[in-house]
Each structure stands twice: as C-alpha cells, then as structure tokens.
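Examination of the molecular architecture
Okay, here's what each chain looks like letter by letter:
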Amino acid sequence: MKDDRKDQHTCRVGEELTAKYRKKLPGVVDKILDNCGKDSCISHVDYDPIPSTENLEEIIDKLREVVFPGYFSKERLDPVNLSFVLGRTVTVLFEMLSQQISNSIRHDCMRYDQECSDCGDRGFEAALALLDALPEIRDVLETDVQAAFDGDPAAQSHDEIIFSYPGLYAIFVYRIAHKLYEMGIPLMPRTMTEYAHGLTGIDIHPGAAIGGRFVIDHGTGVVIGETTEIGENVRIYQGVTLGALSLPKNAGEALRNKKRHPTIEDDVIIYSGATILGGETVIGKGSVVGGNVWLTESIPPGTRVIMEPPTLSYR
Amino acid sequence: MKDDRKDQHTCRVGEELTAKYRKKLPGVVDKILDNCGKDSCISHVDYDPIPSTENLEEIIDKLREVVFPGYFSKERLDPVNLSFVLGRTVTVLFEMLSQQISNSIRHDCMRYDQECSDCGDRGFEAALALLDALPEIRDVLETDVQAAFDGDPAAQSHDEIIFSYPGLYAIFVYRIAHKLYEMGIPLMPRTMTEYAHGLTGIDIHPGAAIGGRFVIDHGTGVVIGETTEIGENVRIYQGVTLGALSLPKNAGEALRNKKRHPTIEDDVIIYSGATILGGETVIGKGSVVGGNVWLTESIPPGTRVIMEPPTLSYR
Amino acid sequence: MKDDRKDQHTCRVGEELTAKYRKKLPGVVDKILDNCGKDSCISHVDYDPIPSTENLEEIIDKLREVVFPGYFSKERLDPVNLSFVLGRTVTVLFEMLSQQISNSIRHDCMRYDQECSDCGDRGFEAALALLDALPEIRDVLETDVQAAFDGDPAAQSHDEIIFSYPGLYAIFVYRIAHKLYEMGIPLMPRTMTEYAHGLTGIDIHPGAAIGGRFVIDHGTGVVIGETTEIGENVRIYQGVTLGALSLPKNAGEALRNKKRHPTIEDDVIIYSGATILGGETVIGKGSVVGGNVWLTESIPPGTRVIMEPPTLSYR
C-alpha cells in the first residue's frame, strides 16, 4: 500500500473532467429518444398501465401464504388468528389479482386492436374464480407433497419439501397459472411460470395439463411444453424435456394452438435427461423411461425402456 | 390513440361492480378456511416459530461477508476497521444463527413428537461451532478459488471468480450447510443449499462429503446427491449428475440413510453432461470422464473414458 | 398441543445460558481475524472501493427501462413524459455506470500492480460510449424479439416475449456486457452476464460475438464460451453447449485469450442438449444440428445432422 500509484488522488477526477463528459449527455439522450420514437415492437409508450412484474412476485408470495398456511407468513399462525390473517391476505389478494388481471386483459385489448374486452369486469371475475379454486388447488398440491415424500430417500420430512424443494415450488406456481390460463387471461400466466422458471430452472408452460401426485426431483433443465398432457402419479427428474418435434420454417404461425407435445399416462417415471417429443407420442400407463432416453414414438403401457449406454473407450 | 375503444373510461369499473364481487369474498374465505382446517400435511398452524427463509438469505449474505472479507460488504474494509466490522458482523450472525438453528430444531421436535431436544442450548452451541469453523472453511474455499483459476482460461483474475462464478457460490453455501448437516441440524442445511440451487442451478445436497480444490464450471444442471463422496482436486462441468440408480417403489422409506451415490477419488475431471450413478460406483484417482458419458460401474484409477459419439446422419 | 413438551417455556433459554455462549464470541472473532490476516486470495482488505453487485443489478434494471421503454418502468410512459423519464434515467445511469466502471478498472489496476489506468477518465468515457451505443443495441434486440416470435408457436405476442422470456433477458444483458467487454472493462461484463445466468440458467460469456435475430428458447443449461462466434438468425434450445475441447493440465494460463470455442454461421438451428466443441469447429450456414448431437468437427453449409437415437431396450 506504500506504492504511490495507489494514492487515491491519482485516481480521482476533478469537476472539469466530469463536466466535459456530462455536457455530452443531452445529445446521447436525443439519440435514444429518436430511436425509441420509431415504430418498433420493443417500445411500449402511450398505452394503459401494463402488468407489473413486481406486483406479480408479491401476488405469488401471498398466494403461497394462503396455500401453505403457516409456512411462509411473517407472523405465527395459530387457531386464534388464522381466520383474521387468512381473511386479510385473501382480501388483499383480491385487489391485487383483479387489478393485475384487468391490466393484462386491457393491455392485449389495446395493443392488438381487439374489441372491448370488459377488462374491469373480467378482472374481478377471474380473481374471484382463482381464489374460489384455491381449496381444490390445495388438495392437489397436498397429493404432490405426499408423492414427493414417498419417492425420495433424501427427504427428511414433508416440511423440508414445502420449505425447500424447487420442484414443488414450480408445480405450485404452475397450478395457479394454469387456472388463469384456462380462463383465457393473457400474459400473466406465462409471466408467472417464467418467474418460477427463473427461480428453479424448471420451465412448465401454463397451458400443460398435469394430474395430481406430480413430482419433479432436482428439476434444473426440465421443460414441459404448452400442449403436454400428464396423468396422475408421474415423477420426472432433472433435464427431462417434454417437447415438440423440430419445426418447419415460420412454425410460429403455422402451429400456434396445435397439439405439439407428448401425452404421459398415469404412474410413469421419467429419469434424468430423457427427451420425449411430439404431439402424437404417448407414454403408456406405468411405463418407466430411463435416463437420457430419446423418444419420438409412443410406447405401450407397462413398457420399461432404457438407453443402451453408448460405447465407451477406455484409454 | 384516437380510437374510441381506447378511451380509458370504457375500461374503468364503477363502485357498483366492485361491490358486486367484493361481497362474495367472505364466502370464498370461509371455503379456504374450511380447507385449511382439515388435517393436512401442507398446513402449519399452531406450531412455534418456523425457520424463516428470509432470515436465511441474510445469514448467507453475512457469512459471505465474513468468509470473503471486503468483497461483498457495503463499506470498504481496511486494516483499521477490519476488526470492528468483522466483530460486529460475527456478533449479529451469532444471534441470527442461534435463533434460526433453534427454530429448526424446535420445529422438528414439536412437529414430529420427539423428545425435548434442548433446542435453545443446541442453537447457541451449533451457531458458535459454525462460526468457530469459519477459519478452516475459509482455508478450504481458498483452495477452491485457486483451483478454479488454475483450470479456466476464461478467468481473468481470482477476484472475477469470487465476484461472479456461480460454481464458487454453490460450493461456499454447501461448505457452510455441510457443517450444519454434520451437527444434525434439521431443515436449515437443505434450505440453504436449495437457495443456492435456485441462484445457480447447482444442486449439492448438504450431506455430500467434498474435499478441497473442488471446481464446478458453468454448473447449471449439476446434481450431487446426499451420500456422494468427492476427494481432493476434482473438477466437474455443467449438467453432471452424481446420482442414485433407479429406485424401487416407495424407495423413500427403504433407502433413507443408505449410501446411494457414487464416490469420486482425487484428481478426477468429469466433463459436461456426464451421469454417474450408484452407491457402489467408484471413479478411481486421476480418471477423466468425458462429456455425456453414462456410468453405473466403477472405473480403476487413471482411466480415461469417453463416449463413442452417437452415429450421426447427415442429410 | 396439550403435550407438556410443547409448552414453549421448556424451549426457551435464560440469560445465563445466553451469556455462557456469548462470552466465547471474542475468541471466535480473533480466530477469524487471524485467518483473514493471512496473505490470501480470498481477502480484499485495504483496497479502494470495489464494484458492488447491488449497484450492478440496479444498473441492469435501469438499462432495461431505457432499452424497452414502457415495459418495466414503475410509471406509465406516454409521449408527454417520455423525454423527461428517459432523460432522467439516462442521467442517473451515466453516474452509476461511470462510477462502477471506474471502480472496476481501479480495482484491477491496484490489485494486480498495473500502471495507472486513468480509471476516472475511462469510467466517464466508457459510460458515455455505452449509452451512446444503446440505439444500435436496441435495433439488434428488436430483431431478436421478432425472430423469437417468428419461430415459437407458444408465443402469444411480442410483449409476452419481452415480459417473460428468459432467453431474451439473457441476450439483452449479454449485448450490454459485450459492449463493455469490447472496451476492455474488467470484472463488470462477466459479473453482469453471471447475474443473468443466475436468473435464467443461460451462461453467455461477454466475450462471445453474436449476430442479430438470435434466439434462445427455454434456455436452461445453455453455455456459450468466451471465443464463440455466432452469425445472423441463429436459434438454439435448452442445454446447448458451445464449448472448448477438453483441456490440458493448467490450461488456465496456456489457453487464455486463444480461440477455443466454435463458430456458428448464419441461419443455423441447434436443438436441445447438443454439444459443439472446439475453436476450429465451424457449423456451416443454414445447417440444422439435432437434439443431443455431439460435434467436435466442422460441418459444411446446409448440413442436417441428427443423432441416430441410442438403441433402446424394452422390457
């Protein structure tokens, strides 16, 4: 530290230098404004309020407090305060949800020149419908937790799963988002599952239809496409892709809303890194798909399919 | 914006509509309360304070400030204030850790009807033991940083690794969590490594035993199971799984606490996407496991095993 | 809850016990201080201010507000306030960026005993150059959004892509970081792309050179190495690695700054899990690389290469 070069003063800059650069800022801003003024699919100026990502995270957190009561609330929940705390959280959720849903609908309505979509009315309606569905969503999630515990030797308790398993978190967010997707709400369902994707590495499209007792273990790299159907009691591991076959050019328009992803029947296990592709591919009930298996065709119920390990060279 | 449909008033809702929906809320809340009142593994009402995930993140941040002094603190550290800043951080950590550990123990004790577990006493004891172990944890982490630098042509400096490498972050959190796991603390170790998993895509179970000079490069999709053993100077890449063989039904109960994951001896390199499975699989000292290799059997020391690339069709 | 063990008082600890443990803290702190005092690559005491990770996240957020105006701002943007809001954000960004860049340069300069690097001056200069480049970065990002929409049947709108697609987020952060990398700024570019890596599971080194209309779908597990070159209109899927061949010992020093990663020409599609390695590997224009393909050699333009699926055993 005795080195002169390390004297801080040699590294500080005076007012003069600052001014020299600062005075160039207006020119830079003008250039950016010009660029933003062009007709562009990445500017969003002069429309109504847009769905805020920040609110969405708060909505997901509050939904989690209601779905798993007592686990994630800041205050302790007991039989005395349960009804007050839950009641208040549900009321706040109603406000936030109806606002956010309404914004999502209005946004699409204005952005893409649709007919008036009664966004205000539909926001309230959908928020209420989602809250009203929470008991049945809880019932399904309880089967998910139980199934995770049954099959995982590393799980020490149900609570450990609820507190820490990314698979359960991704499934929880998916089950909420799927409900909104079914109601035809734009933008919000996908933003919710992509938020969970960011946290967990598990990418479940809200359009997928997934039965109870669903388990994703470890999970990083899992992709479940929009038109996937999954039965009851299915367990999948990290890196599993349930995807579409390779797409023709400009597939975007041609295939929108077609069944492009596989169907997985009840009681199937799919080990890590397996890839199952195509809208006509059906994995029959009770099948086991081994690690790294690559399937683009259906297999009948009760099939056990494993990859012959690639030849190894030992040197 | 001249379009009448886009007049905001058509999209606003009056008091009347709001009231129509709001008055249905009490019914929805009652339905949720009923559902939460059922005996269920996903409700957590009427227990003592539970381990808070939020505190855990703060604990990890503060531990990082102590382990890598000067890198992540908000204020500048120099020889004059080092002892004050570190001393204060350690004191705060002691409070937070003993509280959190105590909550984790008490939670399990009450939830699963165990004997009184002296949670208060053990919380202090374990917090102190962890803090006391920080110097040796730092010593090991220093070897990890050095090894990362030695083997990565893209690393410009040791500091770049500490500031930005997700592999190092996951290893840091693992080394802390493993210490708590060794002390038999429930919930908290796994919650810590799953937090790091969320941030990095690297899933290291706190039960794994891992030697010094350990490097994970890129890291997304790495899974290291609970009973894995890894020697000194091992380097692994993204997408590597050190896992269990496929499990029999209800494996959860049958295999809890058995050795299910492989042993990796010193000086081994495992390239991206390789999968090594099974509790009896041993990768001998100095071996190199190539990308995408799939191994369920041991290999002797000094083996170099690569996958014969799958046959390709060119069209 | 009637069980006596569950009486909270049995689980509380008195002042005496607290004191017993607390008085051991100074000894623990001294031990840590001793350890931090050693000459070590993981201590950072007595240097100038270091680049703060927290500021970096705010910088990225504000850059996103400028690049995608109206999408992520807290307030609504319309033609009336656009110039005020953008102008203010750009001014704040100039301050934050020049400070952060200056810190990054000064840090390296002092840490590694280099000549005085005019960090103050260069901080202003680079901040201004980055802001001045935003219009052209926006132009390229617009092609990225358009290409994502063209090829993805699950995308409902351009806005859905901007709001929620992790691939676009990673590409946005990469395009900013790459600009700083080209200007020779240390630390900061990598810290930025690793931040995006944490959020998206997509690891793009800021040194890679990537053309317009670039799409990453799903994205978890993607790795794009430092010296990768990618042309126009390339689309890649989750789990794709564009990496280096296996490295000799102490590769860190030997290979720093050499071309180690592949070249991908225009109009190439690379499906999920494919691995392409080596600095001399060129994927010719218009080629399609199938899922899980493993390539360490060049393929000529227009080649369609798919993996012969591994042999499966059905039982």
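Before any of the text, the structure's been laid out above.
Report follows, based on the coordinates. Model, not experiment: these values are computed from the prediction. (Residues numbered from 1 in each chain as written. Chains lettered and ligands numbered in written order. Predicted model: local features only at pLDDT ≥ 70, side-chain atom pairs only at ≥ 80, totals over all residues. Heavy atoms only, no water.)

Notes on the overall build of chain A
To be explicit about the condition: Helix and strand definitions here come from DSSP, where helices need a minimum of 4 consecutive H or I residues and strands a minimum of 2 consecutive E residues; each element is numbered from the N-terminal end. Burial classification: accessible surface area is computed with a 1.4 Å probe over protein chains only, and a residue below 20% of its type maximum counts as buried, one above 50% as exposed, and the rest as partly exposed. Any pair of residues with heavy atoms lying within 4.5 Å of one another is described as a contacting pair. Accessible surface area values rest on a Shrake-Rupley calculation with a 1.4 Å probe, where residue burial reflects the displayed protein chains alone.
Helices and strands together make up the secondary structure of chain A, namely nine helices and 15 strands. Within chain A, buried positions represent 63% of all 315 residues. Expressed as a percentage of contacts within chain A between residues at least 6 apart in sequence, the contacts between residues at least 24 apart total 49%. Looking at chain A as shown, the accessible area adds up to about 11900 Å², and 50% of this sits on carbon and sulfur atoms.

Observations regarding the pairing of strand E14 (residues 304–307) of chain A
Our working definition: Here a strand pair is declared whenever DSSP counts at least two bridges between the two strands.
Burial along E14 of chain A is one-sided: the face carrying Val305 and Met307 of chain A is buried and the face carrying Arg304 and Ile306 of chain A is not. Across two bridges, strand E12 (residues 288–289) of chain A lies against E14 of chain A in parallel orientation. Directly across from Val288 of chain A, in E14 of chain A, lies its bridge partner Arg304 of chain A. Alignment of E14 of chain A against strand E15 (residues 312–314) of chain C, held across three bridges, turns out to be antiparallel. Residue pairing across strands places Ile306 of chain A opposite Ser313 of chain C, the latter belonging to E15 of chain C.

Thoughts on helix H2 (residues 25–37) of chain C
Residue and element names in this part refer to chain C. Test applied: Expected helix span is given by 1.5 Å per residue-to-residue step, counting one fewer step than there are residues. Each C-beta atom gives one direction from the helix axis, and the arc is the one those directions make.
An ideal rise of 1.5 Å per residue puts 18 Å on 13 residues; H2 measures up with 18 Å between its terminal C-alpha atoms. All of the buried residues in H2 are Leu25, Val28, Val29, Ile32, Leu33, Asn35 and Cys36. Buried residues of H2, viewed axially, fall in a sector of 160°; they line one side. Of the exposed residues in H2, the ones pointing more than 90 degrees away from its buried face are Asp34 and Gly37.

A few points about the interface of chain C and chain A
Note the following rule: When two components associate, each loses some accessible surface as probed by a 1.4 Å sphere; the sum of these losses over both components is called the buried area. Only one rule defines a salt bridge in this text: a Lys or Arg side-chain nitrogen within 4 Å of an Asp or Glu carboxyl oxygen. Throughout this description, a polar contact denotes any pair of N or O atoms lying within 3.5 Å of each other; where both atoms belong to protein, one of them has to be capable of donating a hydrogen while the other can accept it, and for residues adjacent in sequence the pair is counted only when both atoms sit in side chains. Ten residues, namely Ala, Val, Leu, Ile, Met, Phe, Trp, Tyr, Cys and Pro, are considered nonpolar, four, namely Asp, Glu, Lys and Arg, are considered charged, and the remaining ones, Gly among them, are considered polar.
Contacts between the two partners involve 82 residues from chain C and, on the opposite side, 75 residues from chain A. Between chain C and chain A the total buried area reaches about 7000 Å² when both faces are included, carbon and sulfur atoms providing 59% of it. Here chain C and chain A share two salt bridges between them. As a salt-bridge pair, Lys31 of chain A and Asp132 of chain C come within 3.2 Å of each other at their nearest N and O atoms. Scanning the region where chain C abuts chain A turns up twelve residue pairs in polar contact (both at pLDDT 80 or more). At the level of elements, helix H3 (53–67), helix H4 (82–111), helix H5 (119–151), helix H6 (158–164), helix H8 (188–200), strand E14 (304–307) and E15 of chain C are the ones that each hand at least two residues to the side of chain C that touches chain A. For the side of chain C that touches chain A, the leading source of residues is H5 of chain C, giving 19 residues. Grouping the constituent residues of the side of chain C that touches chain A by class yields 40 nonpolar, 21 polar and 21 charged.

Focus on the sheet that holds strand E2 (residues 209–210) of chain A
The strands making up a sheet are joined through hydrogen bonds of the backbone, oriented either antiparallel or parallel. All names here are of chain A. Judged by pairing direction, the sheet is parallel, and its four strands sit side by side in the order E2-E5-E8-E11 without closing on themselves. The open sheet is flanked by E2 and strand E11 (282–283), the only strands paired with a single partner. Strand direction decides the pairing type here: strand E8 (residues 263–264) and E11, joined by two bridges, are parallel. Of the residues in E11, the one forming a bridge with Thr263 is Val282.

As for the packing of aromatic side chains
For the record, the criterion: Stacked, tilted and edge-to-face are the three classes applied to pairs of Phe, Tyr and Trp rings, where Trp contributes its six-membered ring and a pair requires centres within 6.5 Å; stacked means planes under 30 degrees apart, edge-to-face means over 60, and tilted covers the rest. Criterion for a charge above a ring: Lys NZ or Arg CZ within 6 Å of the ring centre, and within 35 degrees of the ring normal.
In total, this model carries 27 aromatic pairs over all chains according to the counting rule given. Ring geometry for Phe68 of chain C and Phe72 of chain C: centres 6.4 Å apart, planes at 80°, overall edge-to-face. For the pair shown, Phe68 of chain C and Phe72 of chain C are each scored as buried. Their ring planes at 80° and their centres at 6.1 Å tell us that Phe72 of chain C and Phe163 of chain C sit as a pair that is edge-to-face. Placement of the pair is Phe72 of chain C in the loop between H3 and H4 and Phe163 of chain C in helix H6, with a sequence separation of 91 residues. A single burial state applies to Phe72 of chain C and to Phe163 of chain C, both of which are buried. Taken together, Phe68, Tyr71, Phe72, Phe163, Tyr169 and Phe172 of chain A form an aromatic cluster joined through their ring pairs. Sitting over the ring of Phe72 of chain A, Arg64 of chain A keeps its end group 3.6 Å from the ring centre.

Overview of H8 of chain C
Residues and elements named next belong to chain C. Taking 1.5 Å per residue, 13 residues should reach 18 Å; H8 reaches 18 Å between its end C-alpha atoms and fits that length. Burial of H8 is extensive: eleven of the 13 residues sit out of reach of the surface. Three or more residues of H8 are buried, namely Met188, Pro189, Arg190, Thr191, Met192, Thr193, Glu194, Ala196, His197, Gly198 and Thr200.

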